[in-house]
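# Close look at the chain arrangement
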Amino acid sequence: MFSLKGLVKHSTYSLGHVVKRGTLCQQARSRLVLGIETSCDDTGAAVVDETGLILGESLHSQKEVHLQAGGVIPAVAQRLHRENIFRVVQEAIDRSGVSPSELSAVATTVKPGLSLSLGIGLEFSLAFVKQHQKPFIPIHHMEAHALTVRMLEPVEFPFLVLLISGGHGLLALARDIDDFLLLGQSTDEAPGDILDKVARRLHLKNHPECSAMSGGQAIEHLAKQGNRRNFLLTTPMGQVFDCNFSFAGLRTQVSVAIDRKEIEEGVKSGELLSCVNDIAAGTQHTVASHIAKRTHRAILFCKARGLLPQHSPSLVVSGGVASNTYIRETLKIVTDATGLHLICPPSKFCTDNGVMVAWNGIEKLKAGRGILSYKEEVRYEPKAPLGIDITTQVKDAAIRMPPLKLRVKN
Ligand code: KG4
Ligand code: ZN
């Protein structure tokens, strides 16, 4: 059980906070939501108002620990969430300059994610709402990712969403705050996952320029100095006419090629190949092409079914992998060819954080949907699909795309 004593009162405001509070009180009573995120390896909290103003936020990332371990270990993630959640929430509230009593609701990610991680956020949140007698808004992690863009700019429904991160790879049509059509998803690994695994296989931690980078960042960095044509790979699922992703086969392709190069160059375990830049460029290009082709088909499917607005349809891209410039530029070729507006929110809002959860809470509060009393029992759900699954319909449509040259400079 968590002790919530420290969150009841806040007697040590800085001047900045007092001024902010004063301003808040003068404003037309904007409702405030505290958002809490613990679905994977980030402990995040934020207080956001109805206009999308972030009053206070705090984020504790476990990435460094998991990077050393070679992947997220659920029991370690749980321990770190438990150690940090109180401080992170306290910090977000302190920075916002509001007291818990001024909150309209608490929104927390309850699905999908790692059970042990979700459990910590939910247990903390239920104790918090009970203590402060606040409504509770359970949040779907992917819906929160998909809608964060609306906090930053006015994007009207329906719009197409591409979520690409270490945990997710999916294409969906957002029709309303709680109405999504799932067009495609990864059948095995997420795109960030394969970039991380290839980076590990290449021992990029031992590369002087990449030691502090995530796998995806290291691949992007090295690819700039490489030639993808020296490391040609087959784009996955070329003969499957749906919008699903698959990265496991590509990983095997890369792995087999690395094995061969290692024998050729006679490198020992942990040493770097001379051609890491070319391998990074080839891998990045193939991941980008795969993502772009599935997205192209999703756009054509939505257009054929009249699912996108005639005027200014948008593709919103989010997730850690969305910060990759090469992938963004490849997607831009697709959106330019199909007349869509490509929206890539700043990286800070693409990755896991408390802000996106708080904003999703605001969206639900405004719509008056999905709001529970603090007395209700809530469970977390490690597996939870996003919206209505129409991936079979997409597959049955078997849309062939017109040729499109996906040429981007590294
Ligand atoms: O969204 P995120 O922070 O966490 C979740 O997975 O939920 O995404 C992390 C993933 C990692 O796999 C990381 O390698 C990848 O995003 N990533 C990138 C880049 N920066 C981070 N992938 C490609 N290019 C990047 N610049
Ligand atoms: Zn996420």
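In the block above lies the structure referred to throughout.
Per chain, residue numbering runs from 1 following the sequence as it is written. Written order decides the labels, with chains lettered from A and ligands numbered from 1. At least 70 in pLDDT is required for a residue's local features to be given in this predicted model, at least 80 for side-chain atom pairs to be given and counted, and no such filter applies to totals for whole chains, interfaces and linings, which use all residues. Excluding hydrogens and water, the side-chain values take into account all heavy atoms of the structure.

On a plain count of helices and strands, the protein chain comes out with 14 helices and eleven strands. Throughout, radius of gyration means the C-alpha value; the globule benchmark is 2.2 Å times the number of residues raised to the power 0.38. Here the C-alpha atoms of the protein chain give a radius of gyration of 22 Å, agreeing with the 22 Å that 2.2 N^0.38 yields for 410 residues. C-alpha atoms of the protein chain, sized along the principal axes, occupy 65 × 50 × 35 Å. When burial is assessed residue by residue, the protein chain has 53% of its 410 residues classed as buried. Here a helix means four or more residues in a row that DSSP labels H or I, a strand means two or more in a row labelled E, and each is numbered from the N terminus. Buried means the residue's accessible area, taken with a 1.4 Å probe over protein chains only, is under 20% of the maximum for its type, while exposed means over 50%, and partly exposed covers the values in between.

Quick look at the site of ligand 1 now. We call a residue near a molecule or strand as soon as one heavy atom of that residue lies within 4 Å of the molecule or strand. Lining the immediate surroundings of ligand 1 are 19 residues, of which Gly166, Asp196, Gly216, Glu220 and Gly320 lie closest. Polar contacts here mean pairs of N or O atoms no more than 3.5 Å apart (in protein, one a potential hydrogen donor and the other a potential acceptor; neighbouring residues in sequence count only if both atoms are side-chain atoms). Glycine 216 places a polar main-chain atom, nitrogen or oxygen, 2.9 Å from an oxygen atom of ligand 1. Taking aspartate 352, its side chain carries an N or O atom lying 3.3 Å from an oxygen atom of ligand 1. Calculation of accessible area relied on Shrake-Rupley with a 1.4 Å probe; when residues are assessed, cover is drawn exclusively from the protein chains displayed. Protein coverage of the free-state accessible area of ligand 1, which is 540 Å², stands at 91%. Mapped by element, the contributors of at least two residues to the shell around ligand 1 are helix H7 (191-201) and helix H8 (215-223). With four residues, the top contributor of residues to the shell around ligand 1 is H8.

A separate point is the coordination of the zinc ion (ligand 2). The coordination sphere of the zinc ion (ligand 2), as far as protein atoms go, consists of His141 (NE2), His145 (NE2), His168 (NE2) and Asp352 (OD), spread over 2.2 to 2.4 Å. One can describe the site at the zinc ion (ligand 2) as irregular: its four donor atoms subtend angles covering 85 to 169° at the metal. A 2.8 Å cut-off from the metal defines N, O and S donors, relaxed to 3.2 Å for Na, K and Ca; water is not in the atom list, so some sites may appear incomplete. On the primary sequence, the residues serving as donors to the zinc ion (ligand 2) are separated as H-x3-H-x22-H-x183-D. Of this pair, histidine 145 sits in helix H5 (residues 141-147) while aspartate 352 sits in the loop between helix H12 (347-350) and helix H13 (354-367), placing them 207 residues apart in sequence. There is no split in this pair, since histidine 145 and aspartate 352 are both buried. Tetrahedral means four donors with every angle between 85 and 135 degrees, whereas square planar (four donors) and octahedral (six donors) require angles over 155 degrees between opposite donors and between 65 and 115 for all others; sites fitting neither are termed irregular.

Another point: the packing of aromatic side chains. When two rings of Phe, Tyr or Trp (its six-membered ring) have centres within 6.5 Å they constitute a pair, described as stacked for plane angles under 30 degrees, edge-to-face for angles over 60, and tilted for the intermediate range. All told, the structure shown has three aromatic pairs when counted by the stated rule. When the ring of phenylalanine 124 is compared with that of phenylalanine 128, the centres are 6.3 Å apart and the planes differ by 25°; the resulting orientation is stacked. Separated by four residues within a single helix, phenylalanine 124 and phenylalanine 128 lie in helix H4 (residues 115-132), roughly one turn from each other. For the pair shown, phenylalanine 124 and phenylalanine 128 are each scored as buried. Between phenylalanine 157 and phenylalanine 159, the ring centres sit 5.5 Å apart and the planes meet at 15°, which makes this aromatic pair stacked. Distance and angle both matter: a charge sits over a ring if NZ of Lys or CZ of Arg is within 6 Å of the ring centre and within 35 degrees of the ring normal. Above the ring of phenylalanine 241, the side-chain terminus of arginine 400 is found at 3.8 Å from the ring centroid.

Moving on, we get to helix H9 (residues 248-265). Working rule for helices: expected span equals 1.5 Å times residues minus one. Here H9 is 18 residues long and its end C-alpha atoms lie 26 Å apart, about the 26 Å a rise of 1.5 Å per residue gives. The complete set of buried residues in H9 reads Leu250, Val254, Ala257, Ile258 and Glu262. Viewed end-on, H9 has its buried residues packed into an arc of 145°, placing them on one side of the element. H9 presents Arg260 and Ile263 as exposed residues on the side facing more than 90 degrees away from its buried surface. For this quantity, the arc is that covered by the directions from the helix axis to the C-beta atoms.

Sheet architecture is open: five strands sit in the order E3-E2-E1-E4-E5, paired in mixed fashion. Of all the strands in the sheet, the pair left with one neighbour each is strand E3 (54-61) and strand E5 (136-140). With strand direction ignored, the average angle separating the axes of adjacent strands in the sheet is 20°. Any two strands with at least two DSSP-identified bridges between them are counted as paired. Pairing of strand E2 (residues 42-49) with E3, which is carried by seven bridges, proceeds in the antiparallel orientation. Among the inter-strand pairings, valine 47 is bridged to a residue of E3, identified as glycine 56. Running at roughly 155° to strand E4 (residues 105-111), H4 makes contact with strand E1 (32-37), E4 and E5 of the sheet. Across the sheet, H13 lies against E1, E2, E3, E4 and E5, angled at about 135° from E1, the strand it touches most. In this analysis, axes come from line fits to C-alpha atoms, helices being fitted only over the stretch in contact, and the angle between any two N-to-C directions falls in the range 0 to 180 degrees. Whether two residues touch is decided by their heavy atoms; if any such pair falls within 4.5 Å, the residues are in contact.

Residue proline 158 follows phenylalanine 157 across a cis peptide bond; omega there is -5°. In this model, serine 312 sits at a positive phi of 50°, which is unusual for a non-glycine residue. Mapped onto the fold, serine 312 is located in the loop between helix H10 (276-304) and strand E9 (314-318).

Moving on to the pattern of salt bridges. The salt bridge criterion pairs a side-chain nitrogen of Lys or Arg with a carboxyl oxygen of Asp or Glu, the two atoms within 4 Å. Applying the stated criterion across every chain yields a total of 21 salt bridges. Taking the shortest distance from any N to any O, the salt bridge between glutamate 189 and lysine 197 comes out at 3.6 Å. One continuous salt-bridge network, built from bridges that share partners, spans Glu189, Asp193, Lys197 and Arg251.

Let's shift gears to the nonpolar core. Throughout, nonpolar core names a set of buried Ala, Val, Leu, Ile, Met, Phe, Trp, Tyr and Cys residues whose side chains join them through atoms within 4.5 Å. The biggest cluster of nonpolar side chains holds 60 residues, and the ones touching the most others in it are Leu160, Leu162, Leu183 and Ile291. The element best represented in this core is H10, accounting for twelve residues. Once you skip the residues sitting within four places of it in the chain, leucine 160 turns out to touch Ala172, Leu173, Leu183, Ala298, Ile299, Cys302, Leu308, Ser314, Leu315, Val316 and Leu340. Core analysis: the next-biggest nonpolar cluster, separate from the first, contains 22 residues, Leu32, Val47, Ile120 and Val378 among them.

So, to be careful, I would describe these as geometric facts and stop short of saying anything about function.
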